Amino acid sequence: MRHPLLVDCKDHADAIFITGGTTIYAHRAIVSVRCPNLLVKNVKDKPVVKRGTVTVRVADTLVDEVSLANIIAYLYTDEIQFLNLEKEQVVRLMFVAGL
C-alpha cells in the first residue's frame, strides 16, 4: 500500500496526532489497521473525539516529532527515508518502533 499524497494531509483526515509543537494529520482507518497501538499506547491524555475526528496527544517524552512523523509516513508509504535522518534520529525511531 503506497499513498504518499495522504501523508499529513488534512483532506478527509479524521485523526490528529500532537506531540511537542507538531500536529500531524492522519486517517483513523489506516492507523487502526496498520498500527493500532498508535491510538492507545504512549498517549499523554485520553484521545478526544469531536465531530468524528480523534485528537491524540502523544507523550513527547517517548515519541519525538521526527519519529512520529516518520512512523505515520511509513503507514502510508511502507518507506522510511533513513538517509535524511541524523544518527540519533534513527536510534530514536528504532526505539519508538519497538514500543
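Every value quoted in this text rests on a predicted model; they were computed, and no experiment measured them. (Residues numbered from 1 in each chain as written. Predicted model: local features only at pLDDT ≥ 70, side-chain atom pairs only at ≥ 80, totals over all residues. Heavy atoms only, no water.)

*Asks:* Would you mind showing me how to read the pairing of strand β1 (residues 15-19) here?
*Replies:* In the case of a regular strand, side chains alternate between the two sheet surfaces. Summarising burial for β1: five of the five residues are buried, a large majority. Both faces of β1 are covered, namely the face carrying A15, F17 and T19 and the face carrying I16 and I18. Of the strand pairs in this sheet, β1 and strand β2 (residues 22-26) are connected by five bridges, and their pairing is antiparallel. Its bridge partner being in β2, F17 is matched across the sheet by I24. Between the antiparallel neighbours β1 and β2 lie two residues, among them G20 with a positive phi of about 55°. Sheet topology note: the β1/strand β4 (residues 53-57) ladder contains four bridges and is parallel. (Buried < 20%, exposed > 50% of the residue type's maximum accessible area, 1.4 Å probe, protein only. Helix = DSSP H or I, 4+ residues; strand = E, 2+ residues; numbered from the N terminus. Pairing = 2+ DSSP bridges.)

*Asks:* What is the right way to look at helix α2 (residues 65-77) in this model?
*Replies:* Because each turn of an α-helix spans 3.6 residues, side chains separated by three or four positions in sequence point in the same direction. Between the first and last C-alpha of α2 there are 18 Å, a value that for 13 residues agrees with the 18 Å anticipated at 1.5 Å per step. Buried within α2 we find S67, L68, N70, I71, I72, A73, L75, Y76 and T77. Summarising the contacts, the buried residues of α2 are in contact with β1, β2, α1 (28-34) and α3 (87-97). The distance from a side-chain oxygen at the start of α2 to the backbone nitrogen of V66 is 3.2 Å, and the residue carrying that oxygen is D64. D78, located one to two residues past α2, shows a positive phi value of around 65°. (Expected span 1.5 Å × (residues − 1). Contact = heavy atoms within 4.5 Å. Polar contact = N/O pair within 3.5 Å; in protein donor to acceptor, adjacent residues only side chain to side chain.)

*Asks:* So what exactly am I meant to see when it comes to the pattern of salt bridges here?
*Replies:* Two side chains of opposite charge can pair, provided their charged atoms sit close to one another. For the structure shown, the criterion picks out three salt bridges. Where R34 meets D78, a salt bridge forms, and the shortest distance between an N and an O atom there is 2.6 Å. Linking R34 in helix α1 with D78 in the loop between α2 and α3, this pair joins segments that are 44 residues apart in sequence. Taking the shortest distance from any N to any O, the salt bridge between D64 and R92 comes out at 3.0 Å. (Salt bridge = Lys/Arg side-chain N within 4 Å of Asp/Glu carboxyl O.)

Limitation: the analysis is restricted to geometry and does not speak to function.
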